[in-house]
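Chain by chain, the residues run as shown.
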Number of protein chains: 2
Amino acid sequence: MPLVSSIRRAAVWACALAWAACAVAQAPALPSWNDGEPRMRIVEFVRAVSDPKGKDFVAPADRIAVFDNDGTLWAEQPLYFQALFMLDQVKAAAPGHPEWQQNPAFKALAAQDQAALEKLGMKPVLELLAQANSGMTVGEYDATIRNWLASARHPKFKRPYTDLTYLPMRELLDYLRANGFSTFIVSGGSVEFMRPWAEKAYGIPPEQVIGSQQEVKFDVKDGKPVLTREARFAFVDDGPGKPVGIYRHIGKRPIFAFGNSDGDFQMLQVTTAGEGRRLALIVHHDDAQREFAYDRQSHIGKLDKALDAAPANHWVVVSMNKDWKKVFAFQQ
Amino acid sequence: MPLVSSIRRAAVWACALAWAACAVAQAPALPSWNDGEPRMRIVEFVRAVSDPKGKDFVAPADRIAVFDNDGTLWAEQPLYFQALFMLDQVKAAAPGHPEWQQNPAFKALAAQDQAALEKLGMKPVLELLAQANSGMTVGEYDATIRNWLASARHPKFKRPYTDLTYLPMRELLDYLRANGFSTFIVSGGSVEFMRPWAEKAYGIPPEQVIGSQQEVKFDVKDGKPVLTREARFAFVDDGPGKPVGIYRHIGKRPIFAFGNSDGDFQMLQVTTAGEGRRLALIVHHDDAQREFAYDRQSHIGKLDKALDAAPANHWVVVSMNKDWKKVFAFQQ
């Protein structure tokens, strides 16, 4: 058997056993990204930290990448998708809570009174939501989320919400993992709301989803151990909560972070304050035609302080309009 | 080149690229375990859930194994090692807390008055401990732990505490991972106390360590983002807290659990209450010569209810004395 054929056979064996390594070699990098500064900076960063002979080399175990979810990996307008789900839950739970008829937050929700809701702030709304689904076991709650996701449609795109993940970001997640990174979601949304679909959509398993957490309680019902949801939050993973969530869950400082709003400010800050090579990026929603255009004045995904802080911190601002060839996979 | 030689060459390539898979084939299973029921049950369980054609097959992503730490992966007598560390910290912090001189818990600790400590319970002691290290950044705390571990010696074995991990359990962790399992620690101890050494000792990275959590707060000091420890616990990962910690952190029900005390009862219960094939085991400390002998009457690692519940739940009780050829790697 000639040498070339022998090597080829060896390569087949190797690929069969080490398919991950072979996938790395074959995957084209970030095909839905235009050739601009963001794509260049990402590729150069990944090359630098993966080069075992380079001064910026980072061992795979420390190649931690964190991603906000709402507005970074999928859309978040006209309202966080989880909030839309929760509003449906509040409506469904209302008959069991006659006292809500006197609750200002419920009245504003029922009347879709945006001005009143802004004046009230998030707290009374979150309290209603927590009450709406307390007492459920975590399994029942999971089923409720899956059912909603299967039937609900986005008001603008008329598609399931899980179709509204950003194709360039999914490519980026794959690209980072193919280069030895671990990819985590670090979201203000609840872990329970993301876990049922994050693995299929992003390749991110439940144990790599960090988010806000409602209190749950262990109990034994009919001889079976169950976890039941309680009417309060154990942890809010937003703003200054994000570095706390990362510390608690990962215990390492990320070297790569991607966000899109002021709620990601501290996560980006902690990431780039570390020693050695770091990269942080921000999605700028400036594409009213293919998605939405919003930043400083938006009530959802407000991007103001972080946009001002980006140049001095060398955070890369990614223009959805200029840097992405495609936004969603279903778009031509 | 004859076929055999060509296959051999292919195997070398394959091993170079897929060393993990090859390691599986070569590693002898659990050499420090005697041939008894526990070893047999473990090997048979792993075979059953890994066989893609078998009725008990479990996809690798769902092969979640959880381990208690104190008394399961390393020793816990005469007192939890973290408690010994914390006592040293309380002593060191005492000059800054003159009010402690009137505190019953501090007086009992200083006098090593075991009877008074038992009467007081853990709460006032934990409060002292939380105060002792609050205000530190998480980085400073990490350094304190590493320094202590480097210098402190166990009173009986006169060795660093990190030498007191159980060899058969380290083999078991390797064996499970070689068969596609993810291995997590789920401990009543603090994550911060375990993370600095768990990866080297057990091959378990920081993001797979679940434990009790002291509250931390994000802050910016001298222009740098820092996390500072606060004087209260955010979460106690013990007893009914363990299934909560598992749910929050992993989001999947484990198929394999290993504990040693009543504090692991609910973790074992949740694991074996799931559908499909499951395995739960308990280390029984019945080896006064090589380690310690204690169970129902012990104040540390009390094993009483779980020992009674084991037969009906098919939990396997592992006798340290009979089932382990060696306890610690340093023993002959």
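A.B. asks: Hey, could you go over the overall build of chain A for me, with residue numbers and the actual values?
C.D. replies: From N to C terminus, chain A includes 14 helices and seven strands. Relative to the globule expectation of 20 Å for 332 residues, the C-alpha radius of gyration of chain A, 22 Å, shows essentially globular dimensions. Overall, the C-alpha framework of chain A stretches about 80 × 55 × 40 Å when taken along its three principal axes. With 332 residues in all, chain A has 54% of them scored as buried. The contacts in chain A between residues at least 6 apart in sequence include a share of 67% that link residues at least 24 apart. Carbon and sulfur atoms provide 55% of the accessible area of chain A, an area that totals close to 14700 Å². Counting 39 positive and 38 negative side-chain charges, chain A places the centres of these two groups 5 Å from one another.

A.B. asks: Could you give an account of the packing of aromatic side chains, naming the residues involved and the relevant values?
C.D. replies: Overall, the coordinates contain 50 aromatic pairs over all chains when judged by the stated rule. Aromatic pair W74 of chain B and F81 of chain B: ring centres 4.8 Å apart, planes at 65°, arrangement edge-to-face. The residues W74 of chain B and F81 of chain B share a single accessibility class, namely buried. Measuring from ring centre to ring centre gives 6.5 Å for W74 of chain B and F193 of chain B, while their planes differ by 55°; the resulting arrangement is tilted. Taken as a pair, W74 of chain B in the loop between β1 (64–67) and α4 (81–93) and F193 of chain B in helix α10 (residues 191–202) lie far apart in primary sequence, 119 residues in all. Residue W74 of chain B shares its accessibility class with F193 of chain B, and that shared class is buried. Three or more aromatic residues link up through ring pairs in this structure, and these residues are W74, F81, F85, Y141, W148, Y161, F193, W197 and Y202 of chain A. The residue whose ring lies beneath K156 of chain A is F292 of chain A, and the NZ or CZ to ring-centre distance is 4.5 Å. One cation-aromatic arrangement involves R229 of chain A over Y141 of chain A; the distance from NZ or CZ to the ring centre is 3.5 Å.

A.B. asks: Account for the pattern of salt bridges, naming residues and giving values.
C.D. replies: Applying the stated criterion across every chain, the model contains 45 salt bridges over all chains. Its salt-bridge partner being E215 of chain A, residue R248 of chain B comes within 2.7 Å of it at the nearest N-O pair. Residue R248 of chain B is located in helix α11 (residues 241–249), and its partner E215 of chain A is located in strand β3 (residues 209–221); the two belong to separate chains. Through salt bridges that share partners, E44, R47, D51, K55, D56 and R277 of chain B make up one connected network.

A.B. asks: Can you explain the pairing of strand β7 (residues 316–319) of chain A? Please cite residues and give values.
C.D. replies: Residues and elements named next belong to chain A. Bridging between strand β6 (residues 279–284) and β7 involves four bridges; their strand directions are parallel. Opposite I282, over in β7, you have V317 as the bridge partner. With helix α13 (residues 305–313) bridging β6 and its parallel neighbour β7, the resulting β-α-β unit is right-handed.

A.B. asks: I'd like to hear about the pairing of strand β4 (residues 224–235) of chain B, residue by residue, with values.
C.D. replies: Relative to β4 of chain B, strand β3 (residues 209–221) of chain B is paired through eight bridges, and the arrangement is antiparallel. Within β4 of chain B, the position partnered with V220 of chain B by the bridge is P225 of chain B.

A.B. asks: Lay out the packing of helix α4 (residues 81–93) of chain A against helix α8 (residues 138–151) of chain A with the relevant residues and their values.
C.D. replies: Residues and elements named next belong to chain A. The interhelical angle for the contact between α4 and α8, taken along N-to-C directions, is 110°, at an axis separation of 11 Å. Looking at the two axes, α4 sits roughly perpendicular to α8. Each of F81, L84, F85, D88 and Q89 in α4 lies in contact with α8, whose residues at this interface are Y141, T144, I145 and W148.

A.B. asks: Summarise the sheet that holds β6 of chain A; cite the residues concerned and give the values.
C.D. replies: Residues and elements named next belong to chain A. Spatially, the seven strands line up as an open sheet ordered β4-β3-β2-β1-β5-β6-β7, and their pairing is mixed. Edge positions in the sheet fall to β4 (224–235) and β7, since each of these pairs with one other strand and no more. Strand-to-strand twist of the sheet, defined as the mean angle between neighbouring strand axes without regard to direction, takes the value 30°. By the bridge criterion, four bridges tie strand β1 (residues 64–67) to strand β2 (residues 182–190) in an arrangement that is parallel.

A.B. asks: So what's going on with the sheet that holds β1 of chain B? Which residues, and what values?
C.D. replies: Residues and elements named next belong to chain B. Strand order in the open sheet made by the seven strands is β4-β3-β2-β1-β5-β6-β7, with mixed pairing throughout. The outermost strands of the open sheet, each flanked by one partner alone, are β4 and β7 (316–319). With strand direction ignored, the average angle separating the axes of adjacent strands in the sheet is 30°.

A.B. asks: Provide a residue-level description of unusual backbone geometry, including the pertinent values.
C.D. replies: Trans peptide bonds make up most of the peptide bonds, and negative phi angles are found at most residues other than glycine. Residues and elements named next belong to chain A. The amide bond that connects Q77 to the next residue, P78, takes the cis arrangement and shows omega of 0°. Take P78: it is sitting in the loop between β1 and α4. In this structure, L30 takes a positive phi of about 50° despite not being glycine. Overall, L30 belongs to the buried group, its relative accessible area being 1%.

A.B. asks: Give me the lowdown on α13 of chain A, citing residues and values where you can.
C.D. replies: All names here are of chain A. Among the residues of α13, A306, L307, A309 and A310 are the ones counted as buried. The buried side chains of α13 occupy one side of the element, clustering within an arc of 165° when seen end-on. For α13, the exposed residues set more than 90 degrees away from the buried face come down to P311 and A312. At the exit of α13 stands H314, carrying a positive phi of roughly 60°.

A.B. asks: A description of the environment of H97 of chain A should follow, citing residues and the corresponding values.
C.D. replies: Structurally, H97 of chain A can be placed in the loop between α4 and α5 (104–110). Placed 30 residues apart in sequence, H97 of chain A and E127 of chain A show a C-alpha to C-alpha distance of 13 Å.

A.B. asks: Kindly report on the side chain of D323 of chain B, identifying the contributing residues and their values.
C.D. replies: Residue and element names in this part refer to chain B. Residue position: D323 is located in helix α14 (residues 320–323). K322 is the oppositely charged side chain nearest to the buried, salt-bridge-free D323, at an N-O distance of 7.3 Å. Beyond its immediate chain neighbours, meaning those up to four positions away, D323 contacts S32, W33, N34, G36, P38, V317 and V318.

A.B. asks: Would you mind going over helix α12 (residues 265–272) of chain A in detail, with residue names and values included?
C.D. replies: The buried count for α12 of chain A comes to seven of eight residues, which makes it a mostly enclosed element. Buried within α12 of chain A are the following residues: F265, Q266, M267, L268, Q269, V270 and T271 of chain A.

A.B. asks: Before we move on, could you go through the environment of G36 of chain B and cite the residues and values that matter?
C.D. replies: Residues and elements named next belong to chain B. Within the secondary structure, G36 sits in the loop between α2 (19–26) and α3 (37–50). Since its relative accessible area comes to 24%, G36 is described here as partly exposed. Put simply, G36 and V283 are 247 residues apart on the chain and 14 Å apart in space, counted from C-alpha to C-alpha.

Quick notes on the rules
- Residues numbered from 1 in each chain as written.
- Chains lettered and ligands numbered in written order.
- Predicted model: local features only at pLDDT ≥ 70, side-chain atom pairs only at ≥ 80, totals over all residues.
- Heavy atoms only, no water.
- Helix = DSSP H or I, 4+ residues; strand = E, 2+ residues; numbered from the N terminus.
- Rg over C-alpha atoms; globule rule 2.2 N^0.38 Å.
- Buried < 20%, exposed > 50% of the residue type's maximum accessible area, 1.4 Å probe, protein only.
- Contact = heavy atoms within 4.5 Å.
- Areas by Shrake-Rupley, 256 points an atom, 1.4 Å probe, with all protein chains shown as cover.
- Lys, Arg positive; Asp, Glu negative; His and termini not counted.
- Charge placed at Lys NZ, Arg CZ, Asp CG, Glu CD.
- Phe/Tyr/Trp six-rings, centres within 6.5 Å; stacked < 30°, edge-to-face > 60°.
- Lys NZ or Arg CZ within 6 Å of the ring centre and 35° of its normal.
- Salt bridge = Lys/Arg side-chain N within 4 Å of Asp/Glu carboxyl O.
- Pairing = 2+ DSSP bridges.
- Right-handed = clockwise from strand over helix to strand, strands pointing away.
- Axes fitted to C-alpha atoms, helices over the stretch in contact; angles between N-to-C directions.
- Parallel < 35°, antiparallel > 145°, perpendicular 65-115°, else oblique.
- Arc of directions from axis to C-beta.

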